[in-house]
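Examining the three-dimensional arrangement
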Amino acid sequence: MTEKKEDPIIITITGPDGSEKDYVQDTVIPFSGKEFAVLVSIPESEDEEESDIILARIDIDENGEAEYVPPTDEEYDAVADIYDAM
């Protein structure tokens, strides 16, 4: 039997300056009853050597859709420690 691979989840994040950048969801880490996504930037060109990695809390909005929001400082520190230990 072959294992079916899931399609990658692509998230577009809008920065404070209004610019948009695409990220792929690398992993989801459960913490304190919530889920946190580790998002890795998708290179915009072949010259881009280093990927950005950000952490986002996954909240579910009133329509049942996933919403990626910044975690609190305490959540960020705890989940980053879990990710570093993986």
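Placed above this text is the structure.
Let me begin by describing the structure that accompanies this report.

What counts, and where the lines are drawn
Residues numbered from 1 in each chain as written. Predicted model: local features only at pLDDT ≥ 70, side-chain atom pairs only at ≥ 80, totals over all residues. Heavy atoms only, no water. Salt bridge = Lys/Arg side-chain N within 4 Å of Asp/Glu carboxyl O. Helix = DSSP H or I, 4+ residues; strand = E, 2+ residues; numbered from the N terminus. Buried < 20%, exposed > 50% of the residue type's maximum accessible area, 1.4 Å probe, protein only. Contact = heavy atoms within 4.5 Å. Polar contact = N/O pair within 3.5 Å; in protein donor to acceptor, adjacent residues only side chain to side chain.

**Some remarks on the pattern of salt bridges**
Overall, the coordinates contain four salt bridges when judged by the stated rule. Across the pair E75 and K34 runs a salt bridge, and its minimum N-O distance is 3.1 Å. Taken together, the residues E75 in helix α1 (residues 73–85) and K34 in strand β3 (residues 34–41) connect sequence positions 41 residues apart. In this structure, E75 engages R57 in a salt bridge whose closest nitrogen and oxygen atoms are separated by 2.9 Å. With E75 in helix α1 and R57 in strand β4 (residues 53–60), the pair connects residues that are 18 residues apart, well separated along the chain. Residue R57 is classed as buried on the basis of its relative accessible area of 14%.

**Structural notes on unusual backbone geometry**
Even without being glycine, S32 reaches a positive phi, approximately 55 degrees. S32 sits in the exposed class, given a relative accessible area of 61%.

**A closer look at the environment of T12**
With respect to the helices and strands, the residue T12 is situated in strand β1 (residues 10–14). With a relative accessible area of 43%, T12 lands in the partly exposed category. In sequence terms T12 and D22 are ten residues apart; their C-alpha atoms lie 4.4 Å from each other. Setting aside residues no more than four positions away along its own chain, T12 makes contact with E20, K21 and D22. For T12, the side chain forms a polar contact with the side chain of D22, separated by 2.6 Å.

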